[in-house]
Structure formats: C-alpha cells, structure tokens
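# Structure at a glance
In case you want the letters, here they are:
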Amino acid sequence: MLPLPAYRTYLLLSLLFGLVLAINLIGQQLPQWPLLVQVSKPLLMPILAWLLWLQKQGEKEKNWRIIWVGLVAAWMGDLMLMKGNEPSFFMAGLASFLLTHLLYIFYFWKYTNAVNPLSHLKNPGTLLALGYAATLLNFLIPSLANMLVPVVIYTLVITLMLTVALATPEQL
C-alpha cells in the first residue's frame, strides 16, 4: 500500500492520465485540431512511467524497472514518429518501439511458469496470436518492398511479446 501522500499523487496522476488520454483520443478523431494530439501524445508515456514508479517504489523486487525503461523507449518512439514522415525519424521510432517490446519480452519471460519455453503454445490465446500474425504477414508481404525485413521482424517480436505475456501469471 502506498503512503497517503504518494497515494494522493498516484490518484491525481491517474486522473490526469485519463484526461490526457481522452484529449488524445478526441484529437485523433478531429484532424482539424492537430494540436490536441501534438500536446497530449508526448505526455502519455511519462505519466504512465511516473505512475509505475510511484506504485513500485520501496518494493524489494526491482524488475519493474525493465518496464519503466520500456515506457521511456516507447515515449522516445512517440516523439520520433511525431517528428514527421522523414524515413530516419520513422526508423528511429520503429527502433524505439522494438526496444520497448524486447524489454517487455525480457520482463515477462522472467515470470513465465513454463519450464519449457514452448509449452505455452497450447494456450488458445497464443494460437490465436500466431494465427493473426501469420494472416497479417500474408496480407502485408506482397506490398512491403524494402520494408519487408523490418515489418516481419517487428511483427514477430510483437507476437513473441504477446505469447510470453500470455504465459505469465495473471498478476505480477
């Protein structure tokens, strides 16, 4: 349980996150007001990282820091993608999100109950994720051209992250 001052901060940050998220979602539906997204999007990941830090501070187990670094990497990805359509910013954003997912895989992997890493393939959610990834790639591959390798790698990493997350206990 958080001490009262930290709990109040956590509650206020949670409300702020909800407000910023609502502004972001509304802004995405109103392209005539791009400022809503430009202001709200860069705030989402830092608020989440702060909430995580508040919730986990003082715990003996420090593996949550992996998720925290992942949130920072996701924030960097958001910032890079907001820079424009320039290929270098897109690739930097993609690399940031790839790092995020690799960190999440590392974190979840530490908590899987499986002695055999492939044993969670019996999970219906895992089979659904693998089927979805295969279908998505089958649909996308013909039109990817020079983006084939990054998109295939990214799809495989996201799918691995989901399957490893599905193999973790319900509450970490």
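Residues numbered from 1 in each chain as written. Predicted model: local features only at pLDDT ≥ 70, side-chain atom pairs only at ≥ 80, totals over all residues. Heavy atoms only, no water.

## As for the overall build of the protein
- Of regular secondary structure, the protein possesses six helices and zero strands.
- Reading the protein from its N end, one meets helices and strands in the order α-α-α-α-α-α.
- With respect to the three principal axes, the spread of C-alpha positions in the protein is 55 × 50 × 25 Å.
- The buried share of the protein, reckoned over its 172 residues, is 33%.
- Considering only intrachain contacts with a sequence separation of at least 6, the fraction spanning at least 24 residues in the protein is 65%.
- Total accessible area on the protein is roughly 11100 Å²; 72% of this is exposed by carbon and sulfur atoms. (Helix = DSSP H or I, 4+ residues; strand = E, 2+ residues; numbered from the N terminus. Buried < 20%, exposed > 50% of the residue type's maximum accessible area, 1.4 Å probe, protein only. Contact = heavy atoms within 4.5 Å. Areas by Shrake-Rupley, 256 points an atom, 1.4 Å probe, with all protein chains shown as cover.)

## As for the pattern of salt bridges
- According to the stated counting rule, one finds two salt bridges in the structure shown.
- Among the ionic pairs, Lys41 bridges to Asp78, the shortest N-O distance being 3.7 Å. With a gap of 37 residues between them, Lys41 in helix H2 (residues 34-56) and Asp78 in helix H3 (residues 64-82) connect regions that are remote in the sequence.
- Across the pair Glu59 and Lys56 runs a salt bridge whose closest N-O atoms are separated by 3.9 Å.
- A relative accessible area of 30% places Glu59 in the partly exposed class. (Salt bridge = Lys/Arg side-chain N within 4 Å of Asp/Glu carboxyl O.)

## What about the packing of aromatic side chains?
- Tallying each qualifying case throughout the model produces one aromatic pair.
- Ring centres of Tyr107 and Phe108 lie 5.8 Å apart, and the angle between their planes is 65 degrees; this geometry places the pair in the edge-to-face category.
- Judged by relative accessible area, which is 6%, Tyr107 ranks as buried. (Phe/Tyr/Trp six-rings, centres within 6.5 Å; stacked < 30°, edge-to-face > 60°.)

## Notes on the nonpolar core
- Counting residues in each nonpolar core, the largest one holds 28 residues, and the members touching the most others are Ile47, Ile67, Leu71, Tyr104 and Phe108.
- Put simply, the parts of the chain that give this core at least two residues each are helix H1 (4-29), H2, H3, helix H4 (87-109) and helix H6 (148-166). (Core = buried A, V, L, I, M, F, W, Y, C linked by side-chain atoms within 4.5 Å.)

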